[in-house]
Structures are given as structure tokens and as C-alpha cells.
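# Coordinate inspection notes
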Amino acid sequence: RPPRSTLSSSSAASDVYKRQEVFDSIRSLSTEQSILLMDIRLNDEGMVIDLGIESLDQIIKFIESMHSSFAFNLVELSLISSNEQKTVTLIYSSN
């Protein structure tokens, strides 16, 4: 049986790999839908995605795609709109 420290570092590496896979999938999804992915990160609330959009239809399609692709719950949506750009922040929880 491997030492306990090996298990935890292996598990941590697996978590990083899985997170990177999810981030890469979200990057691909935004590219496919011609949405500017400004940032993606994890914080205490969950996974935070900042997007630059041109229309609300884009964000609806993105949210629907996220819902069908991942087992995440959308817990918050913030929209900042100016003449130049609309910025959307989505916060997802995996619970």
C-alpha cells in the first residue's frame, strides 16, 4: 500500500487534471459559440466564468449548453451592460 502522502498528492493531481479538462471544455464551448471568455476561476462560491457577449441570446445558449454538458448548478448570474460591451459573470456550483 502506498504511503498516505502519495495518495493525497495523487488525488490532488487528479483534481487539477479534472479541473483543467473542464476549463478546456468551457473554453472550447465559448469559442464554438463566438463568445469571449474573459476569465474562468475557482473561488469559495464555486466556478466563476466571465464572458463578453453581444446579445442575451448568446448567454442563454451558453447556459443551456453548460447545463447539458456538466452537472453544475448555476447559482448566480450578473450582467453589466454598457454601450461598448455586455459582460456576464456566471457562478456555478457542483453540488
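The structure displayed is predicted, hence computed values, not measured ones.

## Section: the sheet that holds strand β3 (residues 73-81)
Sheet strands pair via backbone hydrogen bonds, and the direction of the pair is either parallel or antiparallel. With antiparallel pairing, 4 strands are arranged side by side in an open sheet as β1-β2-β4-β3. Of all strands in the sheet, those bounded by a partner on one side alone are β1 (36-43) and β3. The sheet shows a mean angle of 15 degrees between the axes of neighbouring strands, taken without regard to direction. Two elements, β3 and strand β4 (residues 86-93), share 8 bridges in a ladder whose sense is antiparallel. Residue pairing for β4: Asn73 is matched across the bridge by Ser93.

## Details of the nonpolar core
Looking at soluble globular proteins, one finds that nonpolar side chains tend to be buried together. By size, the foremost hydrophobic cluster in this structure holds 18 residues, and its most contacted members are Ile26, Met47, Ile49, Leu51, Phe62, Met66 and Leu90. Those elements giving two or more residues to this core turn out to be α1 (4-32), β2 (46-53), α2 (56-69) and β4. In contact with Leu51, not counting residues within four places along its chain, are Ile35, Leu36, Leu37, Met38, Ile59, Phe62, Lys86, Thr87, Val88 and Leu90.

## Here we look at the side chain of Ser93
Within the secondary structure layout, Ser93 lies in strand β4. Excluding residues that lie within four positions of it along the chain, Ser93 makes contacts with Ala71, Phe72, Asn73 and Val75.

## Comments concerning the pairing of β4
Extensive coverage of β4 is indicated by the burial of 6 of its 8 residues. As paired elements, β2 and β4 share 7 bridges and run antiparallel to each other. The partner of Leu51 across the bridge, within β4, is Val88. The antiparallel pairing of β3 with β4 creates a hairpin that spans 4 residues between the two strands.

## Remarks on the packing of aromatic side chains
Aromatic rings considered in pairs are described by the distance between their centres and by the relative angle of their planes. Scanning the model with the defined rule gives 2 aromatic pairs in all. Note on Phe72 and Tyr92: the rings are 6.4 Å apart at their centroids and 55 degrees apart in plane angle, and the pair reads as tilted. Of the two residues, Phe72 sits in the loop between α2 and β3 while Tyr92 sits in strand β4, which places them 20 residues apart along the sequence. Relative accessible area serves as the criterion here: at 3%, Tyr92 is assigned to the buried category.

What counts, and where the lines are drawn
Residues numbered from 1 in each chain as written. Predicted model: local features only at pLDDT ≥ 70, side-chain atom pairs only at ≥ 80, totals over all residues. Heavy atoms only, no water. Pairing = 2+ DSSP bridges. Helix = DSSP H or I, 4+ residues; strand = E, 2+ residues; numbered from the N terminus. Axes fitted to C-alpha atoms, helices over the stretch in contact; angles between N-to-C directions. Core = buried A, V, L, I, M, F, W, Y, C linked by side-chain atoms within 4.5 Å. Buried < 20%, exposed > 50% of the residue type's maximum accessible area, 1.4 Å probe, protein only. Contact = heavy atoms within 4.5 Å. Phe/Tyr/Trp six-rings, centres within 6.5 Å; stacked < 30°, edge-to-face > 60°.

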